[in-house]
Structures are given as C-alpha cells and as structure tokens.
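Spelled out from the first residue to the last, the chains are:
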Amino acid sequence: MKIKLCKGVGFNRLREYGFEFYPTGIEKEIEYFTWLVVDEKTRELNIRTPLGFTDDLEKYREYYQDLLDDKIIEIVKG
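Residues numbered from 1 in each chain as written. Predicted model: local features only at pLDDT ≥ 70, side-chain atom pairs only at ≥ 80, totals over all residues. Heavy atoms only, no water.

**A closer look at unusual backbone geometry**
Condition: Counting from the N terminus, the helices are the DSSP runs of H or I reaching at least four residues and the strands are the DSSP runs of E reaching at least two. Throughout, exposure labels follow a simple rule: accessible area from a 1.4 Å probe, protein chains only, divided by the maximum for the residue type, with under 20% read as buried, over 50% as exposed, and the rest as partly exposed.
If you check the backbone angles, R43 has positive phi at about 65 degrees while not being a glycine. Checked against the element boundaries, R43 lands in the loop between strand 4 (34-38) and strand 5 (45-49). A relative accessible area of 24% means that R43 is categorised as partly exposed. The backbone of K71 shows a phi angle near 60 degrees, a positive value even though the residue is not glycine. Along the chain, K71 falls in the loop between helix 1 (61-69) and strand 7 (73-76). With relative accessibility at 62%, the residue K71 sits in the exposed group.

**Notes on the side chain of K28**
To be explicit about the condition: Positive charges come from Lys and Arg alone, negative charges from Asp and Glu alone, with His and the N- and C-terminal ends not counted. Between Lys or Arg on one side and Asp or Glu on the other, a salt bridge is scored when a side-chain nitrogen of the former is within 4 Å of a carboxyl oxygen of the latter. Here a polar contact is recorded for every N or O atom pair within 3.5 Å, except that within protein the pair must consist of a potential hydrogen donor and a potential acceptor, and residues adjacent in sequence are included only if both atoms are side-chain atoms. Only heavy atoms matter for contacts: two residues are in contact if any of them lie within 4.5 Å across the pair.
Along the chain, the position of K28 falls in strand 3 (residues 25-31). The buried charged residue K28 lacks any salt bridge partner; its closest oppositely charged side chain belongs to D66, at an N-O distance of 4.6 Å. Here Y17 takes part through its backbone oxygen, which lies 2.9 Å from a polar atom of the side chain of K28. When neighbours within four sequence positions are excluded, K28 is seen to be in contact with Y17, G18, F19, T34, W35 and L36.

**Side note on the pairing of strand 5**
Filter applied, for reference: Pairing between strands is defined by DSSP: at least two bridges between the two strands are required.
Burial along strand 5 is one-sided: the residues L45, I47 and T49 are buried and none of N46 and R48 is. The pairing of strand 4 with strand 5 spans 4 bridges and is classified as antiparallel. If you follow L36 over to strand 5, its bridge partner there is I47. Hairpin connection of strand 4 to strand 5: 6 residues between the antiparallel strands, including R43 at a positive phi of 65 degrees. Pairing geometry for strand 5 and strand 6 (residues 52-53), over 2 bridges, is antiparallel. Residue pairing for strand 6: R48 is matched across the bridge by F53.

**Examining the pairing of strand 3**
Of all 7 residues in strand 3, 5 are buried; the element is thus mostly enclosed. The pairing of strand 2 (residues 20-22) with strand 3 spans 3 bridges and is antiparallel. Counterpart to F21 in the pairing with strand 3 is I26. The hairpin formed by strand 2 and strand 3 contains 2 residues between the paired strands. As judged from the 5 bridges shared by strand 3 and strand 4, these two strands associate in the antiparallel manner. By the bridge assignment for strand 4, E31 is matched with T34. Linkage of strand 3 to strand 4, two consecutive antiparallel strands, is achieved through a turn of 2 residues, within which F33 is found at a positive phi near 65 degrees.

So this is what it looks like as structure tokens:
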C-alpha cells in the first residue's frame, strides 16, 4: 500500500494541515519523534519513526484520515 498526494494538490496546501517545509522534506510531527513525511519527488506520504520509515501505514491511519477525507491524499495499490 502506498499513499500519494492527489493530482492537482500543491505542496503549499499541506500547510493548512500543519505540515512544514524542512531540508529533509515536507513534515508534520504527529507524536514525539514520529512524523508524517511527504517526499517532494515521488509525492508519497511516509511515516518516519525513531527506528526509520514504517511499512505499517494502517497503524497510523488516525493521523492522516483527515487528509484522506478532504481528498488531499489517496491510497494507491502497489
């Protein structure tokens, strides 16, 4: 499962949802040392924990559900 920004959604729109621009990417802290990260090249949403990026995106769904509801991001199979 991959999560990507919907077509037509600009990076500046993410600021409305608490994301900030950093040299490492576009990020939003969701828990202590845990961030939602949007890759600028692939437009994929990832979750970075202290142990690295997680593959279990469903576990953190409550933190990005508002983005899904507002059609900012979409779940892509594959």
